[in-house]
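What follows is the residue order along each chain.
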Amino acid sequence: HPGLVDAHEHAAWHITRSVVSDTFTGQQIWEEFEDPLVRNITGEDEKLSLMLATSEMAVNGTTMFGDTGSAFFAKEMFEGANVVGIKGYSGYALGDSFVPELKVFNKSTKRCVELLEEQMKLYARGAQRKVGALVGLVGMQNCSGDLVSAGKEIARAHGAQMHLHSSVYEAEIKQFIDMYGKTPVEYYEDLGVLDEGTTLVHMVHLSDNDLDILEKRRVSVVHCAGASCKHALGA
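Read on for an overview of the structure. Fair warning: this is a prediction, and the values are worked out from it, not measured in the lab.

A few words on the overall build of the protein. Secondary structure assignment for the protein yields nine helices and eight strands. Over its C-alpha atoms the protein spans a radius of gyration of 17 Å, differing by no more than 12% from the 18 Å that the globule rule assigns to 235 residues. By principal-axis analysis of the C-alpha atoms, the protein measures approximately 45 × 40 × 40 Å. Counting only residues that meet the buried cut, the protein has 46% of its 235 residues in that class. Sequence-distant contacts, at least 24 apart, represent 68% of the contacts inside the protein between residues at least 6 apart. Of the roughly 11500 Å² of accessible surface on the protein, 52% is carried by carbon and sulfur atoms. Positive and negative side-chain charges in the protein, numbering 21 and 33 respectively, have mean positions lying 7 Å apart.

In structure tokens:
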């Protein structure tokens, strides 16, 4: 049986799985779970989380995974990721324009670019490192056009994929239209970052023009059906 591919993970947080109630709203998840988590997580936590995640993937037949990045401690995270032996990509959690309540994630554009270049240099995937770095950005309204463009340049320079979340919430679409007069997909098209080396995650709210652009540029799309149903993202 061929190995399965989990195209979207947040493996650095896997150690906490089953903690969150199924009845939590998105806001409750952030306030009561994710915010305390990201303020207190350690490098050792992330190392153990990757060991747990990759072990469970292997047991269930998944032999490769993709991750837009959710780590604060890349060194420890990649150490844990490369114990079991499955393949994959991960990296830092990066964005430069988070809303105030998410400022714990925020870094300057310059620092985000430095971390992307650092992880591509130090943690490139290869024969000795089966789980390595890709250009992963949080995306949505949390990354400026300058950061997305710089990330794409780094991805092209290293022959790597660029992953980011996009078109997840109706509020996100409205914000892009209010700010730029364009949907996220149209905005990224104007930036020149859409091609076969770009992977957009979730992609719930799309226009007909968005679909035409994605087909034209041969962009990869990862739907997360379970998350979309749990949070009623299309409703």
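What follows covers the pairing of strand β6 (residues 162-166). Most of β6 is tucked away, with five of its five residues classed as buried. Alternating positions in β6 separate into two faces, M162, L164 and S166 on one and H163 and H165 on the other, with burial throughout. Inspection of the sheet shows β6 paired to strand β7 (residues 198-202) by five bridges, in the parallel sense. Across the sheet, residue L164 finds its bridge partner in β7, namely L200.

Quick look at the sheet that holds strand β1 (residues 4-9) now. Taken in spatial order, the four strands make up an open sheet running β1-β2-β3-β4, and their pairing is parallel. A single partner strand is all that each edge strand has here, and the edge strands are β1 and β4 (131-133). Strand-to-strand twist of the sheet, defined as the mean angle between neighbouring strand axes without regard to direction, takes the value 20°. By the bridge criterion, two bridges tie strand β2 (residues 62-67) to strand β3 (residues 87-90) in an arrangement that is parallel. Within the sheet, the bridge partner assigned to M64 lies in β3 and is K87. Running at roughly 135° to β2, helix α2 (residues 43-59) makes contact with β1 and β2 of the sheet.

To continue, consider the nonpolar core. By size, the foremost hydrophobic cluster in this structure holds 59 residues, and its most contacted members are F105, L137, V148, M162, Y188 and L194. If near-sequence neighbours (up to four positions away) are discounted, L194 is found in contact with V185, Y188, E189, L200, I213, R217 and V219.

Here we take up the side chain of T54. The residue T54 is located in helix α2 in this model. Dropping the residues within four chain positions of it, T54 is found in contact with F65, G80, A81, V84 and I86.

This paragraph deals with the environment of G136. Tracing the backbone shows G136 in strand β5 (residues 135-139). In the structure, G136 is positioned 59 residues away from M77 in sequence and 15 Å away in space, judged by C-alpha atoms.

This part covers the environment of Q28. Along the polypeptide, Q28 turns up in helix α1 (residues 26-40). Classification of Q28 as partly exposed rests on a relative accessible area of 28%. Beyond its immediate chain neighbours, meaning those up to four positions away, Q28 contacts T23 and F33.

Moving on to the sheet that holds β5. The parallel open sheet is built from four strands, whose spatial order is β5-β6-β7-β8. Of all the strands in the sheet, just β5 and β8 (220-222) have a single pairing partner and so form its edges. Shown here is a sheet whose adjacent strand axes are inclined to one another by a mean of 20°, direction ignored. Both β7 and β8 contribute to a ladder of three bridges, which runs parallel. Paired with V201 across the bridge in β8 is V222.

What counts and how
- Residues numbered from 1 in each chain as written.
- Predicted model: local features only at pLDDT ≥ 70, side-chain atom pairs only at ≥ 80, totals over all residues.
- Heavy atoms only, no water.
- Helix = DSSP H or I, 4+ residues; strand = E, 2+ residues; numbered from the N terminus.
- Rg over C-alpha atoms; globule rule 2.2 N^0.38 Å.
- Buried < 20%, exposed > 50% of the residue type's maximum accessible area, 1.4 Å probe, protein only.
- Contact = heavy atoms within 4.5 Å.
- Areas by Shrake-Rupley, 256 points an atom, 1.4 Å probe, with all protein chains shown as cover.
- Lys, Arg positive; Asp, Glu negative; His and termini not counted.
- Charge placed at Lys NZ, Arg CZ, Asp CG, Glu CD.
- Pairing = 2+ DSSP bridges.
- Axes fitted to C-alpha atoms, helices over the stretch in contact; angles between N-to-C directions.
- Core = buried A, V, L, I, M, F, W, Y, C linked by side-chain atoms within 4.5 Å.

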